[in-house]
Each structure stands twice: as structure tokens, then as C-alpha cells.
Amino acid sequence: LGFSENYKIIELNVGGQVYVTRHKTLIAVPDSLLWNMFSKKSPKELARDSKGRFFLDRDGFLFRYILDYLRDLNLVLPDYFPEKSRLQREADFFLLRDLAKRLRPRVSKDNSISEEISQSDTEDGGQCCSSSGEPLRALSASGAMRSPSLDSRKSGYITIGYRGSYTIGRDIQTDAKFRRVARITVCGKTSLAKEVFGETLNESRDPDRPPERYTSRYYLKYNFLEQAFDKLTEAGFHMVACSSTGTCAYTSNDPNEDKIWTSYTEYVFCRE
């Protein structure tokens, strides 16, 4: 019923990310979720994608650290890693109790929160950051949160861009389909982008970028411009410029057919 010798090498699809690993790696931690899946169940009982890979509906980016841990049961994270709380959630899901314990923030005697996790996790000696990249807020003796003052927030620029399209038919009033936004991109300093958008920021195209570096490869996990604008406004940003380009094309050579407009638009936001 279990996995035969034919399954020494296993392909996984985790949230759209493909991983290839050994069967013995997946069962390295007894009683973990992966151990139960790949030692107690047969291949026929497990979900697969269209290409036959075993499918897990979890965060594909963070699974790389889960797999690294399973290889030698050691946790080594990048110097700048603001996703500890999310990785802890993944460790809890996969029933990796020791890993989750290492990732759990520690509360010191004075009730302040520390994100030191283990000697193997090389951390920068400066201010700790939360999963959204913001400075951690200390707990007072009464348990109330002390928020950083508005004056301490860094100034800078963030550019929001999107490529949209809409179709205008012969009957404009009834056939117009406006602003179909495929993806909203975020350009600017990494620390500012993470402060504003937190966990709604998709970093998969530019992972592990230090907070003082700039990027143009982030994008948002939603496609509503107004939601992005609200986030920026709440963080003290205001729009200072915008630009747009557009092209028009017909779906066929017949000029009476629908017109398809595509455009690229950027909005520049500033916090002084």
C-alpha cells in the first residue's frame, strides 16, 4: 500500500511551485504531516496535479525552507527574512513542532518581544522586524501596544503600475468592459513596500532582497487599484504623479468588430 522503490525521487507541486526531492527527505520527521502522507498512505490516496505531481495547496515560496529543514533538521534563514511568522504557520501546518518552536517569538522578562530563534538563524544585530517588515512594537507592562510615532517613518517613493485592457463593442453603452487588471506591480525600496502592503505583497519574483535595496519585481495579491491606494493613504503616502500609454486594436480586420484597448499606467506616491 505504501511507496515502493519506484518512488525514491518524488515531484511535488506546492502552490504552483515545483520541487523534486527524495522520499526519505519527506519522511525525515516522524508523525509530521509529510511523514504521514508519504509513509502511511498509498500514492493513489494523495492529490495530484495534471502532470502527476503530488499536490499541496500551501505557500510554494516558503516550502523551500520547510524542505531545507527536512534535509538535515537544521534551520538556516537569510540575513533579512521578514516572513518568520508565516513560516511558523507553515511549520505548524506540517506538524514540524521543533521548527515551529524555533520560529516562535520569545517574550523576555520585561515583556518585550524578541524574534531571535536559534544560533543557526543569522540575524542582523539591528532592530527586529515583523512579518510585514515593520519594526516590532514592544509590549508595555500592561500589555498595550506602543506604536512607532509617525515622525519615525521613513520618507520615500512607491510606484504602482498595472497593465489593463478593455473591450468596446459596437454598442458602447452595453458592451464596454472596463479596466480588467491582470496584475498590480510595486516598485520602490523593499522596506517601504513591505511596511505598506505587508502580507498582501507577493515577493516570489524577488525573494530575500535586503530592506535597503530597491526592486521593481514585487506585485500585489489582489487586483483592485483602490485597495492599493487605501493602503498607501493609511501609511501616509499621497499621489504626486501618474502617466499612462494605450493602444487600440481590432479583434479582426472588420472595422465594425469590437475594439480592444490595452494600456499601461503608473501612479507615483510619496511620503515626506
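Calculation criteria
- Residues numbered from 1 in each chain as written.
- Predicted model: local features only at pLDDT ≥ 70, side-chain atom pairs only at ≥ 80, totals over all residues.
- Heavy atoms only, no water.
- UniProt positions renumbered as here; feature names shortened; annotations may be inferred.
- Salt bridge = Lys/Arg side-chain N within 4 Å of Asp/Glu carboxyl O.
- Helix = DSSP H or I, 4+ residues; strand = E, 2+ residues; numbered from the N terminus.
- Buried < 20%, exposed > 50% of the residue type's maximum accessible area, 1.4 Å probe, protein only.
- Pairing = 2+ DSSP bridges.
- Axes fitted to C-alpha atoms, helices over the stretch in contact; angles between N-to-C directions.
- Phe/Tyr/Trp six-rings, centres within 6.5 Å; stacked < 30°, edge-to-face > 60°.
- Lys NZ or Arg CZ within 6 Å of the ring centre and 35° of its normal.
- Patch = residues over 30% accessible without salt bridge, like charges linked within 9 Å, V, L, I, M, F, W, Y side chains within 5 Å.
- Areas by Shrake-Rupley, 256 points an atom, 1.4 Å probe, with all protein chains shown as cover.

Looking at an unreviewed UniProt entry, the protein carries the name Potassium channel tetramerisation domain containing 12.1, with the source organism given as Xiphophorus couchianus. Quoted straight from UniProt, the Function (unreviewed entry) entry for the protein says "Auxiliary subunit of GABA-B receptors that determine the pharmacology and kinetics of the receptor response. Increases agonist potency and markedly alter the G-protein signaling of the receptors by accelerating onset and promoting desensitization."

Chemist: Before we go on, may I ask you to explain the pattern of salt bridges in this structure?
Modeler: Side-chain pairing between opposite charges can occur once the charged atoms of the two side chains come close. Overall, the coordinates contain 12 salt bridges when judged by the stated rule. Among the ionic pairs, arginine 86 bridges to aspartate 59, the shortest N-O distance being 2.6 Å. Here the residue arginine 86 occupies a position in helix α4 (residues 84-93), and aspartate 59 occupies one in the loop between β3 (54-56) and α3 (63-72), the gap between them amounting to 27 residues. Residue glutamate 195 is joined to arginine 271 by a salt bridge in which the shortest nitrogen-to-oxygen separation is 2.8 Å. A residue pair is termed long-range when its members are at least 10 positions apart, and glutamate 195 in helix α7 (residues 190-197) and arginine 271 in strand β11 (residues 259-271) qualify at 76 residues. The class of arginine 271 is buried, set by a relative accessible area of 5%. A single network of salt bridges, built from pairs that share partners, joins Glu11, Asp49 and Arg53.

Chemist: Just checking my understanding: could you explain unusual backbone geometry for this structure?
Modeler: Excluding glycine, a negative phi dihedral is what most residues carry, and trans is how most peptide bonds are arranged. For leucine 73, which is not a glycine, the phi torsion comes out positive at approximately 55°. Note that leucine 73 resides in the loop between α3 and α4. The phi dihedral of leucine 95 is positive, around 60°, even though this residue is not glycine. Its place among the elements puts leucine 95 in the loop between α4 and α5 (97-103).

Chemist: I would appreciate a short explanation of the sheet that holds strand β1 (residues 9-14) in the present structure.
Modeler: Backbone-to-backbone hydrogen bonds pair the strands of a sheet. The strands run either parallel or antiparallel. Sheet architecture is open: 3 strands sit in the order β2-β1-β3, paired in mixed fashion. Looking at strand neighbours, the two that pair on one side only are β2 (17-22) and β3, the edges of this open sheet. Going across the sheet, the axis of each strand differs from the next one's by a mean of 30°, ignoring polarity. When β1 meets β2, the two strands line up antiparallel, connected through 6 bridges.

Chemist: What's the story with the packing of aromatic side chains in this structure? I'm lost.
Modeler: The geometry of an aromatic ring pair comes down to the distance between the two centres and the angle between the two planes. Tallied over the entire structure, the rule returns 8 aromatic pairs. Judged by centre distance (6.5 Å) and plane angle (10°), the rings of tyrosine 162 and tyrosine 267 are stacked. With tyrosine 162 in strand β6 (residues 156-168) and tyrosine 267 in strand β11, the pair connects residues that are 105 residues apart, well separated along the chain. Take tyrosine 162 and tyrosine 267: they sit in the same class, and that class is buried. The structure contains a cluster of three or more aromatic residues connected by ring pairs, namely Tyr19, Phe63, Phe93 and Phe94. Here arginine 58 stacks its cationic end above the ring of phenylalanine 93, 3.7 Å away from the centre of that ring.

Chemist: Any chance you could explain a nonpolar patch on the surface here in plain terms?
Modeler: A cluster of nonpolar side chains, namely Ile9, Val18 and Val20, defines an oily patch on the protein surface of about 260 Å² accessible area. Take valine 20: it is sitting in strand β2.

Chemist: Just to check I follow, could you spell out the environment of phenylalanine 269 for this structure?
Modeler: With respect to the helices and strands, the residue phenylalanine 269 is situated in strand β11. With 32 residues separating them in the primary sequence, phenylalanine 269 and phenylalanine 237 have C-alpha atoms 5.8 Å apart.

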